[in-house]
Amino acid sequence: MKRFFLITLLVFLPAISQGAGYVIASYADGGDLHEPSLGLELGGIFLSPLHPTGGAFSLGLGVSVADTDENPPPAEPLPVVVPAFDSRKEYKDGTEQEVYVSFGGELIPSFFAVGGIGYASQDVVDIGTSSGQRYKIGSDTDTNVTWMLCMRYVLEGLNMGIGYHSRRGVMASLGIAF
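Residues numbered from 1 in each chain as written. Predicted model: local features only at pLDDT ≥ 70, side-chain atom pairs only at ≥ 80, totals over all residues. Heavy atoms only, no water.

(A) Expanded view of the overall build of the chain. What the chain contains, in helices and strands, is 1 helix and 9 strands. Within the chain, buried positions represent 39% of all 178 residues. For the chain, the computed accessible surface area is about 10400 Å², with 65% contributed by carbon and sulfur atoms. (Helix = DSSP H or I, 4+ residues; strand = E, 2+ residues; numbered from the N terminus. Buried < 20%, exposed > 50% of the residue type's maximum accessible area, 1.4 Å probe, protein only. Areas by Shrake-Rupley, 256 points an atom, 1.4 Å probe, with all protein chains shown as cover.)

(B) How the structure looks around the nonpolar core. In terms of nonpolar packing, the biggest core is built from 13 residues, with Tyr22, Ile45, Phe112, Val114, Met148 and Val154 touching the most fellow members. Non-local contacts of Val154, meaning those with residues more than four positions away in its chain, are made with Ile45, Ser110, Phe112, Asn159 and Ala177. (Core = buried A, V, L, I, M, F, W, Y, C linked by side-chain atoms within 4.5 Å. Contact = heavy atoms within 4.5 Å.)

(C) Molecular detail of the packing of aromatic side chains. Going through the model one piece at a time under the given rule, you end up with 4 aromatic pairs. Taken together, a centroid distance of 5.0 Å and an interplanar angle of 45 degrees make the contact between Phe111 and Tyr153 tilted. In this pair, Phe111 sits in strand β6 (residues 111-130) while Tyr153 sits in strand β7 (residues 133-155), placing the two residues 42 residues apart along the sequence. Overall, Phe111 belongs to the partly exposed group, its relative accessible area being 34%. (Phe/Tyr/Trp six-rings, centres within 6.5 Å; stacked < 30°, edge-to-face > 60°.)

(D) Seen up close, a negative patch on the surface. Judged by side-chain charge, Asp29, Glu35, Asp67, Asp69, Glu70, Glu90, Asp93, Asp123, Asp140 and Asp142 come together as a negatively charged surface patch. Put simply, the parts of the chain that give the negative patch at least two residues each are β5 (87-108) and β7. With respect to the helices and strands, Asp69 occurs in the loop between β3 (56-66) and β4 (76-77). (Patch = residues over 30% accessible without salt bridge, like charges linked within 9 Å, V, L, I, M, F, W, Y side chains within 5 Å. Salt bridge = Lys/Arg side-chain N within 4 Å of Asp/Glu carboxyl O. Lys, Arg positive; Asp, Glu negative; His and termini not counted. Charge placed at Lys NZ, Arg CZ, Asp CG, Glu CD.)

(E) Representation of unusual backbone geometry within the structure. Positive phi, normally seen in glycine, also occurs at Asn71, with a value near 45 degrees. Within the secondary structure layout, Asn71 lies in the loop between β3 and β4. Taking relative accessible area as the criterion, Asn71 reaches 58% and is therefore assigned exposed. The residue Ser131 is not glycine, and still its phi comes out positive at about 55 degrees. On the secondary structure map, Ser131 appears in the loop between β6 and β7.

(F) Quick peek at the pattern of salt bridges. Going through the model one piece at a time under the given rule, you end up with 5 salt bridges. Salt-bridge contacts for Arg167 lead to Glu96; the nearest nitrogen and oxygen are separated by 2.7 Å. On the criterion of sequence distance, the pair formed by Arg167 in the loop between β8 (158-165) and β9 (169-177) and Glu96 in strand β5 is long-range, its members being 71 residues apart. On the basis of relative accessible area, Arg167 is assigned to the buried category, the value being 12%.

(G) Region of interest: the side chain of Ser173. Here Ser173 shows up in strand β9. When its relative accessible area of 11% is taken as the criterion, Ser173 is described as buried. When neighbours within four sequence positions are excluded, Ser173 is seen to be in contact with Ile24, Ala25, Ser26, Arg152, Asn159, Met160 and Gly161.

(H) Main features of the confidence of the model for the chain. Taken as a whole, the chain shows an average pLDDT of 87; of its residues, 87% reach a score of 70 or greater. A low-confidence stretch, residues 13-17 (pLDDT under 50), is modelled with 10 contacts involving residues beyond four sequence positions or located in other chains. (pLDDT = per-residue confidence, 0-100.)

(I) Seen up close, the environment of Leu155. Here Leu155 is to be found in strand β7. Relative accessible area serves as the criterion here: at 37%, Leu155 is assigned to the partly exposed category. When the C-alpha atoms of Leu155 and Ala20 are compared, they prove to be 9.8 Å apart, with 135 residues separating the residues in sequence. In this view, Leu155 contacts Ser110 and Ala177; residues no more than four positions away in its chain are not counted.

In structure tokens, the structure reads:
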């Protein structure tokens, strides 16, 4: 029910406030992860008297997923008597997921400077080796605060941009504005 309300708000609020909505898909590679990622953002562009030149602001909510799975090897649970480990290694287990908000301001007609902040999480597994046998020492969740900066060109029917994301690297996006 919360998702339905949020999507309804993001779609209808721009229409009520003399604005437009947008849906944009993004692809990124590089950054701290050095792995490809895909994202989707929903948002609105609002005309505002608060804008210094009478232009528009944008506000969006997005998610992204990075392909960071390292496929941890099978491991036994720790025995009652914990052995001394010859080596230990931490593996990324599954994909890294991110949720973020973005805010932009129109610099000149149709060109927006956009910034965003988000939260990313990734499951990790710690595996130790003792006498050739692998043991699962523990698991945890790695969390990171993320940020992004980008430029977007927005016309009715088109929304495209390029920028940089702290975890994902160089990011290109393409979508629709309605």
